[in-house]
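Now for the letters of each chain:
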Amino acid sequence: MSHEAAGVPTTRNDEDRQDDVPQDSDDVQDAQQNEAEPGASGHAGPEDAGPRPEDRLARAVQVAEQALIEFEIAVETFRVEVENFSRLHHQKLGPMYARLDELDALIAEARAAKSGDPEDERKAREARAVVMPMPGVDELFHDWMDTDGLSPEAAAMLTEQPVRPPKRVRPSEEARRLYRELARKAHPDLAQDEVERQRRDEFIARVNAAYGRGDVELLKELVAEWEAGPVQPPAPLSESEELYARLEWLSRRKELLTVLAKELEDGAIGSMLRMAPDDPDQLLEDIAEQLLGEVSRREAELAEMTR
């Protein structure tokens, strides 16, 4: 092996090199031992290598997860405060707002009775409409209500979901044909192992629900789904791909939380909370005091008009 390959400078002469050679046997043995030990020659061993890129990425994921957790805690805490403040606001101040609306209607009606002006009469009707509930609401929604509130059809309409047709006494012939086909193919008793039985149990439960509603289109979709076979698990990701995917999810989650936090802060209750973040209970007391003052002024105005 040449001097260059051995890492020895070529400018040194032989005499210089001889001076570096250990003279006694102990020195020779120590030199050989040091050469054999990892890292003794100055070259980095495997344990001296720097951190892997995956290790740095894993650390970034860990930091992002902790930051997101803290962010979620802050947003959820503010959401609970907004919800509690809103409930207390309604309980404590709702009757005062209702009294103010009633006084506004009474004042408008008294003014219209004195003036006879059609415009005053129109304003009086509008003020009274704020106080009075819509006529016939109970009758209108009678068939749309169930013991839990709105019926599924009404809930679907309010959430812009498709409304399913009413239940039939007997499913159509097409629905019965599709149901028999699915039951024969996907019955749990045909399973060869427990995992397959569980899959078939879950699938047949969906089939029974669709058949109970007479939903032919959904039964057709279930036929196609069964014929396509079970969903194959995706190919396993590499360590780096998993970490990058986790970072992307954390980023999207943070964006959603940011939007939610913005909506809470910009809402009416959130805006009120920002006025007194350290003592929201006192804020309620202050608002209640202001409303009581408004009620007193309107009552005095109404008394003056009806003398």
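Residues numbered from 1 in each chain as written. Predicted model: local features only at pLDDT ≥ 70, side-chain atom pairs only at ≥ 80, totals over all residues. Heavy atoms only, no water.

(A) Highlighting the overall build of the protein. Counting secondary structure elements, the protein contains 13 helices and 2 strands. Counting across all 307 residues of the protein, residues that qualify as buried make up 21%. Within the protein, counting contacts between residues at least 6 apart in sequence, those at least 24 apart form 61% of the total. Accessible area for the protein stands at about 22,800 Å²; split by element, carbon and sulfur atoms hold 54% of it. (Helix = DSSP H or I, 4+ residues; strand = E, 2+ residues; numbered from the N terminus. Buried < 20%, exposed > 50% of the residue type's maximum accessible area, 1.4 Å probe, protein only. Contact = heavy atoms within 4.5 Å. Areas by Shrake-Rupley, 256 points an atom, 1.4 Å probe, with all protein chains shown as cover.)

(B) Quick look at the packing of helix α8 (residues 173-186) against helix α10 (residues 216-228). Across the interface, α8 lies against α10 with an axial gap of 9 Å and an inter-helix angle of 25 degrees. In terms of their interaxial angle, α8 and α10 are classed as roughly parallel. Here the hand of the crossing between α8 and α10 comes out left-handed. Where α8 abuts α10, its residues Glu174, Ala175, Leu178, Glu181, Leu182, Lys185 and Ala186 lie against Val216, Leu219, Lys220, Leu222, Val223, Trp226 and Glu227. When grouped by side-chain class, the residues that make up the contact of α8 with α10 number 9 nonpolar, no polar and 5 charged. (Axes fitted to C-alpha atoms, helices over the stretch in contact; angles between N-to-C directions. Parallel < 35°, antiparallel > 145°, perpendicular 65-115°, else oblique. Left-handed = near helix turned anticlockwise from the far one by under 90°. Nonpolar A, V, L, I, M, F, W, Y, C, P; charged D, E, K, R; others polar.)

(C) How the structure looks around the confidence of the model for the protein. Taken as a whole, the protein shows an average pLDDT of 75; of its residues, 71% reach a score of 70 or greater. The weakest mean pLDDT in the protein belongs to helix α1 (residues 3-6) at 40; the strongest belongs to α10 at 92. Note that pLDDT drops below 50 for residues 134-151; the model gives that stretch 12 contacts with residues more than four away or on any other chain. (pLDDT = per-residue confidence, 0-100.)

(D) How the structure looks around α10. In a regular helix each residue adds 1.5 Å, so 13 residues correspond to 18 Å; α10 covers 19 Å between its end C-alpha atoms and thus fits that length. Looking at α10, one finds that the buried residues are Val216, Leu219, Leu222, Val223 and Trp226. For α10, the arc enclosing every buried residue in end-on projection is 115 degrees, short of the 170-degree limit, so these residues lie on one face. α10 presents Glu221 and Ala228 as exposed residues on the side facing more than 90 degrees away from its buried surface. The secondary structure elements touched by the buried residues of α10 are α8 and α9 (194-212). Between the side-chain oxygen of the N-cap and the backbone nitrogen of glutamate 217 there are 3.4 Å, and the N-cap of α10 in question is aspartate 215. (Expected span 1.5 Å × (residues − 1). Arc of directions from axis to C-beta. Polar contact = N/O pair within 3.5 Å; in protein donor to acceptor, adjacent residues only side chain to side chain.)

(E) Up close: α9. Counted at 1.5 Å a residue, the expected span for α9 with its 19 residues is 27 Å, and the 27 Å between its end C-alpha atoms agrees. Burial in α9 covers these residues: Glu196, Arg200, Phe203, Ile204, Val207, Ala210 and Tyr211. Buried residues of α9, viewed axially, fall in a sector of 115 degrees; they line one side. Projecting away from the buried face of α9 at angles above 90 degrees are the exposed residues Glu194 and Val195. Of the surrounding elements, those touching the buried residues of α9 are α8 and α10. Its side-chain oxygen 3.2 Å from the backbone nitrogen of valine 195, aspartate 193 forms the N-cap of α9. Within two residues after α9, glycine 214 carries a phi angle of roughly 65 degrees, on the positive side.

(F) Local environment of the packing of helix α4 (residues 53-115) against helix α11 (residues 239-266). Close contact between α4 and α11 brings their axes to 9 Å; oriented N to C, the two are set at 20 degrees. With respect to their mutual orientation, α4 and α11 come out roughly parallel. In the packing of α4 onto α11, the handedness of the crossing is left-handed. Partitioning the contact of α4 with α11 into residue classes produces 19 nonpolar, 2 polar and 9 charged.

(G) Main features of the environment of glutamate 299. Within the element layout of this structure, glutamate 299 appears in helix α13 (residues 280-305). The spacing of glutamate 299 and arginine 99 is 200 residues in sequence and 9.9 Å in space, taken between C-alpha atoms. When sequence neighbours within four positions are dropped, the list of residues in contact with glutamate 299 reads Arg99 and Leu103. Here arginine 99 takes part through its side chain, which lies 3.2 Å from a polar atom of the side chain of glutamate 299.

(H) Inspection of the nonpolar core at higher detail. Counting 30 residues, the largest nonpolar core has Val82, Phe85, Leu93, Met272, Leu283, Ile287 and Leu291 as its most contacted members. Contributing elements (two or more residues each) for this core: α4, α11, α12 (268-275) and α13. Ranked by the residues each element gives to this core, the list is headed by α4, at 13 residues. (Core = buried A, V, L, I, M, F, W, Y, C linked by side-chain atoms within 4.5 Å.)

(I) Molecular detail of the packing of aromatic side chains. Scanning the entire structure with this criterion turns up 2 aromatic pairs. Considering the side-chain rings of tyrosine 179 and tyrosine 211, the 4.2 Å spacing of their centres and the 10 degrees angle between planes classify their relative orientation as stacked. Taken as a pair, tyrosine 179 in helix α8 and tyrosine 211 in helix α9 lie far apart in primary sequence, 32 residues in all. We classify tyrosine 179 as partly exposed; its relative accessible area is 24%. Between phenylalanine 203 and tryptophan 226, the aromatic rings sit 4.9 Å apart at their centres with planes inclined by 40 degrees, giving tilted as the arrangement. You can see phenylalanine 203 sitting in helix α9 and its partner tryptophan 226 sitting in helix α10, a full 23 residues away along the chain. As far as the burial class goes, phenylalanine 203 and tryptophan 226 line up, both buried. (Phe/Tyr/Trp six-rings, centres within 6.5 Å; stacked < 30°, edge-to-face > 60°.)

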